[in-house]
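# Report on the structure
Residue strings, one per chain:
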Amino acid sequence: MTDNRDILITEVALRDGSHAIAHQYTVDQVLNVAKALSDANVPYIEVSHGDGLAGSSLQYGLSKTDEMKLIEAAVSVAGESKIAVLLLPGIGTLHELKEAANLGAKMARIATHVTEADVSAQHIAYAKELGMETVGFLMMSHMAPVDKIVEQAKLMESYGADTVYTVDSAGYLLPDQVRERIRALKQSVGVNVGFHGHNNLSLAMANTLAAIDEGANRIDGSVRCLGAGAGNTQTEVLIAVLERMGIQTGVDLYKMMDLAEEIVAPILHVPQEITRDSLTLGYAGVYSSFALHAKRAAEKFNVDSRDILIELGKRKVVGGQEDMIVDVAAEIAKARMK
Ligand SMILES: C[C@H](O)CC(=O)C(=O)O
Ligand SMILES: [Mn+2]
C-alpha cells in the first residue's frame, strides 16, 4: 500500500449503502466489493448494518445476512485495506465490538447524535483497549452550532478518539457551514478531522472539497453513491477530482470506476439519483436513512412521503426515533379524513 496519501478515504457503501438496499447484502456481494476496494488500494472499508453493529431489528430493518459473516468475509479479502465497523451506543454493545475486533476489524467508528458525545466514552475506550483505531462520529451536525460541535468533539478526543468527524447525515449543510465546522475543529482538537456527507442537495462533493480545504484529512465516500438518501460523496468521482487537484489518495481511479460500473451498479435496486424524496431529506434536514422507512409508511397510509419528511424535519426527529415515521404518516392520514 502506498503511504503517500494526503487524504485517507473510508469507503462506506458496505455500511451506509446497506440503508439503500434495505440491508440485503449477501456474503458474495461483500466479498466482491471488498476485494475490488482492496485491489484499488482503498485504505478503510466500512462494513456493518446501516445503523451500525446490532442494527438488524424491526425498528431499523432486518439484515438478510448476519453482519458478522459480512465482516468476516470482508476481512478475508481485505489485504492491506483495514475493515472499519460503525457502532451507535445504545444499538451496538461492547459485545459486538469485541466480536468484530476478533474477526479482524481494525477501526471502530463510534457514532452519536451531535449533542450526545458523552455516550461514546465507554465504547471509544474499549475499542482502544481492543487495539482498534478509533473515530468519533458526530451525526446530524447541522443541528448544533459550531461551538457545541467543538465541545462534543473535544469530549470524544478526551475519550481517546484518533479522529473526529463532522457528519452531515441529512445532506443539509451548505459549503460555508461545512467550512466553519471543520475550521473550528481544526483549531480546537489535536486529532485528525474527518467529513462524511450526503448528496441530497447535490452538495456532497462541494462540501467535501470545502472540508478538505479547511484541513480535513479523513473523508468518506460511497462508490456509485451507494449510501442512504441520494448517497454520499461518490468515491470514484472524488478520487478523480482530487487527482486533478494534485491531492493524493493512493486509490486507483480506473479500478474504482470498474468496481462502480461492473460490481456495484448491479447491486443497486434502483440507480442512485436525487429523487423528490432524497431532495426533501436535504431540504428539511432529515436523517438520510429515513428515506425507505418514509416511503413504506407513505404507501401504507396513502400519503405523500414528502409531507412525512417535512413534518419529521419540523419535529427535529433524529436517529433512533424511526417509530415516529409511522406515527407521523398516520397523523397526516387522519388529519386528511377530517
Ligand atoms: C447510522 C447512520 O446511518 C450513520 C451515518 O452514516 C450518518 O449519520 O450519516
Ligand atoms: Mn451516512
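Sequence order as written defines residue numbering, which begins from 1 separately in each chain. Throughout, the order in which chains and ligands are written sets their labels, letters from A for the former and numbers from 1 for the latter. The predicted nature of this model means local features are confined to residues of pLDDT at least 70 and side-chain atom pairs, given and counted, to a pLDDT of 80 or more, with totals for whole chains, interfaces and linings taken over all residues. As a rule here, side-chain values cover all heavy atoms of the structure and leave hydrogens and water aside.

Test applied: UniProt positions are given in the numbering used here, feature names are shortened, and annotations may be inferred rather than shown by experiment.
By the naming in an unreviewed UniProt entry, the protein chain is 4-hydroxy-2-oxovalerate aldolase, taken from Niallia oryzisoli. UniProt's Sequence similarities (unreviewed entry) comment on the protein chain is quoted here verbatim: "Belongs to the 4-hydroxy-2-oxovalerate aldolase family."

## Remarks on the domain arrangement of the protein chain
Applied cut-off: Here the limits of each domain have been adopted from an automatic or database domain assignment. Contacts between residues were defined by any pair of non-hydrogen atoms, one from each residue, lying within 4.5 Å. Two parts lose some accessible area (1.4 Å probe) when they are put together, and adding that loss for both gives the buried area. Salt bridge, as applied in this entry: a Lys or Arg side-chain nitrogen positioned within 4 Å of an Asp or Glu carboxyl oxygen. For this classification, Asp, Glu, Lys and Arg are treated as charged, while Ala, Val, Leu, Ile, Met, Phe, Trp, Tyr, Cys and Pro are nonpolar and the rest, including Gly, are polar.
Taken domain by domain, the protein chain comprises domain 1 (8–267) and domain 2 (289–337). Relative placement of domain 1 and domain 2: their C-alpha centres are 26 Å apart. Between domain 1 and domain 2, the contact holds 10 residues from the first and 10 residues from the second. Taking both sides of the interface into account, the surface hidden between domain 1 and domain 2 amounts to around 790 Å²; carbon and sulfur atoms contribute 61%. Area buried by domain 1 at its contact with domain 2 is led by Gln-59, Tyr-60 and Met-143, which between them contribute 49% of it. For the pair domain 1 and domain 2, the number of links is zero salt bridges. Considered class by class, the residues forming the side of domain 1 that touches domain 2 number six nonpolar, three polar and one charged.

## Concerning the UniProt feature "binding site: Mn(2+)" (unreviewed entry) in the protein chain
Stated precisely, the cut-off is as follows: Only DSSP runs of H or I covering at least 4 residues are called helices, and only runs of E covering at least 2 are called strands; the numbering of each starts at the N terminus. In the analysis that follows, any N or O atom pair within 3.5 Å is treated as a polar contact, provided that within protein one partner can donate a hydrogen and the other can accept it, and provided that, for residues neighboring in sequence, both atoms belong to side chains. Three labels apply to residues, based on accessible area from a 1.4 Å probe with only protein chains included: buried if under 20% of the type maximum, exposed if over 50%, partly exposed otherwise in between.
Per the UniProt record, "binding site: Mn(2+)" (unreviewed entry) is annotated on Asp-16, His-196 and His-198. Spanning 183 residues, the named residues nonetheless gather at one spot, since no C-alpha pair among them exceeds 10.6 Å. Tracing the sequence through the fold places His-196 in strand β7 (residues 192–196). If we skip the residues at most four places from it in the chain, His-196 touches Val-12, Arg-15, Asp-16, Arg-109, Phe-137, Tyr-165, Thr-166, Val-167, Asp-168, Asp-220 and Asn-232. Among the polar contacts made by the side chain of His-196, one reaches the side chain of Asp-16 at a distance of 3.0 Å. Here His-198 is to be found in the loop between β7 and α8 (204–213). Classification of His-198 by relative accessible area gives buried; the value is 4%. With residues up to four places along the chain from it excluded, the contact list for His-198 reads Asp-16, Asp-168, Ser-169, Gly-171, Ala-204, Ala-228, Gly-231, Asn-232 and Ser-288. A polar contact is formed between the side chain of His-198 and the side chain of Asp-16, at a distance of 3.3 Å.

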